[in-house]
Structure formats: C-alpha cells, structure tokens
Amino acid sequence: MRTTNPEEIDFKNKFSLKGKVIVITGGMGLIGRAFTEACLQFDGMVMIADIAKAEPEKSAEKLNERFEGRVAGISIDVGNRKDVTNLKDETLRKFGRIDGLVNCHQNKTAKFFAKFEEYQDEDWDAVVETNLKGTYLTCQIIGSYMAEQGSGSIINMPSTYSVVAPNQNLYAGTSLGCPAAYSASKGGVMALSQYLATYWADKGVRVNQITPHGVWNNHEEKFEENFSKFSPLKRMSYSHEVAGAAVFLLSDASSYVTGDNVRVDGGWTAW
Ligand SMILES: NC(=O)c1ccc[n+]([C@@H]2O[C@H](COP(=O)([O-])OP(=O)(O)OC[C@H]3O[C@@H](n4cnc5c(N)ncnc54)[C@H](O)[C@@H]3O)[C@@H](O)[C@H]2O)c1
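The structure reproduced in this document is the subject of the present report. (Residues numbered from 1 in each chain as written. Predicted model: local features only at pLDDT ≥ 70, side-chain atom pairs only at ≥ 80, totals over all residues. Heavy atoms only, no water.)

Taken as a whole, this structure holds nine salt bridges when the rule is applied. Salt-bridge contacts for Glu 90 lead to Arg 93; the nearest nitrogen and oxygen are separated by 2.8 Å. Of the two residues, Glu 90 and Arg 93 both sit in helix H4 (residues 81-95), three residues apart, roughly one turn of that helix. According to the relative accessible area criterion, Glu 90 is partly exposed, its value standing at 24%. Owing to a relative accessible area of 61%, Arg 93 belongs among the exposed residues under this scheme. Its salt-bridge partner being Glu 129, residue Lys 133 comes within 4.0 Å of it at the nearest N-O pair. Taken as a pair, Lys 133 and Glu 129 lie in helix H5 (residues 121-149) at a separation of four residues, close to a single helical turn. (Salt bridge = Lys/Arg side-chain N within 4 Å of Asp/Glu carboxyl O. Helix = DSSP H or I, 4+ residues; strand = E, 2+ residues; numbered from the N terminus. Buried < 20%, exposed > 50% of the residue type's maximum accessible area, 1.4 Å probe, protein only.)

Given 3.6 residues per turn, any residue in an α-helix points the same way as the ones three and four places further on. The first and last C-alpha atoms of helix H6 (residues 180-199) sit 28 Å apart over 20 residues, in line with the 28 Å expected at 1.5 Å per residue. The complete set of buried residues in H6 reads Ala 181, Tyr 182, Ser 183, Ser 185, Lys 186, Gly 188, Val 189, Met 190, Leu 192, Ser 193, Leu 196 and Ala 197. Turning to H6, the residues buried within the fold contact H5, strand E5 (152-156), strand E6 (205-212) and strand E7 (261-264). (Expected span 1.5 Å × (residues − 1). Contact = heavy atoms within 4.5 Å.)

On to the sheet that holds strand E1 (residues 21-25), then. What links the strands of a sheet is backbone hydrogen bonding, and the strands pair in either a parallel or an antiparallel sense. One open sheet holds the seven strands; their spatial order is E3-E2-E1-E4-E5-E6-E7, and the pairing between them is parallel. Sheet topology places strand E3 (71-75) and E7 at the edges, where each strand pairs with a single neighbour. Averaged over all adjacent pairs, the angle separating strand axes in this sheet is 15 degrees, with direction ignored. Contacting E5, E6 and E7, H6 runs over the sheet at an angle of about 155 degrees to E6. (Pairing = 2+ DSSP bridges. Axes fitted to C-alpha atoms, helices over the stretch in contact; angles between N-to-C directions.)

With that settled, consider the site of the ligand. The local shell around the ligand holds 21 residues, among which Ile 31, Asp 50, His 105, Tyr 182 and Lys 186 are the closest. Gly 29 places a main-chain nitrogen or oxygen 3.1 Å from an oxygen atom of the ligand. Taking 840 Å² as the accessible area of the ligand by itself, protein coverage stands at 86%. Taken atom by atom, the bulk of the ligand overlaps the largest pocket. In terms of residue class, the shell around the ligand is built from twelve nonpolar, six polar and three charged. (Near = heavy atom within 4 Å. Polar contact = N/O pair within 3.5 Å; in protein donor to acceptor, adjacent residues only side chain to side chain. Areas by Shrake-Rupley, 256 points an atom, 1.4 Å probe, with all protein chains shown as cover. 1 Å grid on protein atoms, 1.4 Å probe; cavity = no way out; pocket = protein on both sides within 12 Å on 5 of 7 lines; lining within 4 Å. Sits in = over half its atoms within 2 Å of the grid points. Nonpolar A, V, L, I, M, F, W, Y, C, P; charged D, E, K, R; others polar.)

Rendered as structure tokens:
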C-alpha cells in the first residue's frame with residue numbers, strides 16, 4: 001500500500017499466512033517439523049514433502065486432526081525431477097495454488113562424517129545431489145510456477161559453513177564433525193539463492209535464506225559443552241527459535257525483503 005500513515009496498516013495481519021499454501025521439503029526433519037507447525041498455527045496450508053521412509057503422509061493425517069484439512073504429505077526424492085514435478089502437481093491439485101517454498105531437506109549418508117581424506121565419491125555425490133540439486137530442482141519447478149503466477153516466497157537453507165569454516169575444536173572429544181561435502185553443497189545453495197533473488201525479483205518472487213546454527217537435537221553432552229564455549233549466546237538453539245524467521249519471510253510482513261539471509265545463529269558469525 002502506498003502510504004506514509006502507519007495507522008492505515010494492520011501490522012498483526014501482515015504476519016498471517018491465511019490463504020497461503022506452503023511447500024516444505026524435508027518437512028519431517030527437526031526444523032521442518034517446527035516450520036510446519038508454525039505455518040499451520042499462523043493459518044497457512046502446508047504440503048509436507050519428504051522421503052517415503054519418513055512417512056510424511058502419516059504425519060499430515062495426524063496434523064489434520066488439529067488443523068482440519070490444511071495439511072497434506074507426499075513422499076518424494078528432491079533430487080529427482082519427476083518427483084519434484086509430481087510435488088508441484090499434487091500441491092496444486094490439493095490446494096489450488098503455491099505461495100511459499102521452503103527447502104528444508106538435507107542428506108546425511110551413512111558415512112557422512114568420514115574424514116575428508118577418506119571421503120567416498122558416492123557419499124559426496126549423494127550429499128550434493130540432495131542438498132544442491134534438490135534445491136535447484138524445487139526452485140526451478142516450483143519457482144517457475146510462482147514466477148508465472150506473479151508472486152511467491154522461497155526460503156533456502158544454507159549453513160554457517162557456507163561462509164565460514166568450521167572451528168574444528170568444536171568437535172573435540174565428540175563423534176561429530178562437519179564434512180566438506182556439506183559445506184560445499186550448502187555454499188552452492190547460498191549462491192543459487194542470491195542468483196534467483198535478482199533473477200525473479202521483477203516477477204514478484206522473493207528468494208531468501210535462513211541460516212540456523214547448532215539446533216539442539218539431543219546432542220552429545222560434550223558437544224553441547226564445546227558449543228556453549230564458542231557461542232556468543234553460550235548455548236545451542238531450538239528448532240522453534242528458527243521458525244519465527246520462516247513465518248516472517250513467508251508472510252507479507254517481509255514484502256520488501258529479498259536476497260537476504262536471516263542468520264539464526266546466536267551471534268556465531270558476529271565475532
Ligand atoms: N540443524 C542445524 O543445526 C542446521 C544448521 C544449519 C543449517 N541447517 C539446515 O537446515 C535444514 C533442516 O535441518 P534439520 O536439522 O531439520 O535436518 P534433518 O536432518 O533433521 O531433516 C532433513 C530432512 O530432509 C529429509 N530428506 C533427506 N533426503 C531427502 C530427499 N532426497 N528428498 C526429500 N527429503 C529428504 C530427511 O528425511 C529429513 O526429514 C537442512 O537443510 C540443514 O542443512 C540445519
């Protein structure tokens with residue numbers, strides 16, 4: 001609205017997702033589940049897309065007991081073009097439109113944490129295929145639909161380690177680590193997101209990123225202890241603390257925000 005008078009604006013309503021259809025890939029994951037719940041609580045409709053093993057359909061059925069038909073689930077592999085096309089078609093069949101796309105998937109292979117010197121090509125390929133190609137495919141197939149529609153909001157999820165190197169001391173005394181395949185694939189996600197932000201700006205499609213950091217998932221005690229030492233906020237985060245950024249970026253409250261990266265990292269990259 002073209003005005004200088006803030007009294008004309010219903011600010012609370014700007015954060016509403018009522019009438020908005022949001023696709024969340026990796027919607028069965030730690031953060032994806034928090035995003036799904038938050039979008040539903042803000043009155044949106046959600047298509048949960050995840051691998052078959054995660055049973056997204058079952059979860060949608062359960063959520064519909066509370067959210068009355070505003071959730072659907074679909075089993076897909078984001079790295080497969082046919083699956084992603086089917087995701088778009090099924091979402092349109094079920095809800096009639098798509099307003100938001102959140103790329104919340106990631107692939108952790110069995111040997112994900114292997115040392116760089118010993119990393120296997122098939123693990124590298126699998127991580128890049130899901131993390132980067134999967135984001136490319138959903139952006140291309142669903143983003144193109146949005147561009148034609150003339151509106152939409154895309155959120156991609158890179159990593160702190162797309163821009164800074166992991167502090168290896170963080171992993172001392174733990175079984176964890178951050179493989180180069182993860183950093184490299186997420187660096188690609190970041191570059192792709194920046195590219196698309198300007199590429200589709202004139203089509204009304206906003207493309208932003210959320211970078212969570214150290215989201216607690218019953219981590220080893222030693223890791224949590226190490227993390228607290230290096231974090232300005234001196235603790236790990238919780239998935240619900242990341243979800244507010246998604247609601248903001250998907251809603252009309254962020255209508256002038258594109259090409260941004262909301263770092264929900266407790267200040268990790270501030271020092
Ligand atoms: N957890 C963190 O601290 C953190 C930090 C920075 C960035 N991120 C990013 O945020 C996103 C969500 O993280 P998370 O912790 O919830 O991850 P997660 O591992 O809990 O969830 C990832 C989801 O992706 C799904 N998935 C895997 N392969 C898939 C495929 N081929 N097709 C469709 N779905 C697939 C998994 O089944 C899972 O449900 C990821 O992209 C991750 O890289 C997370």
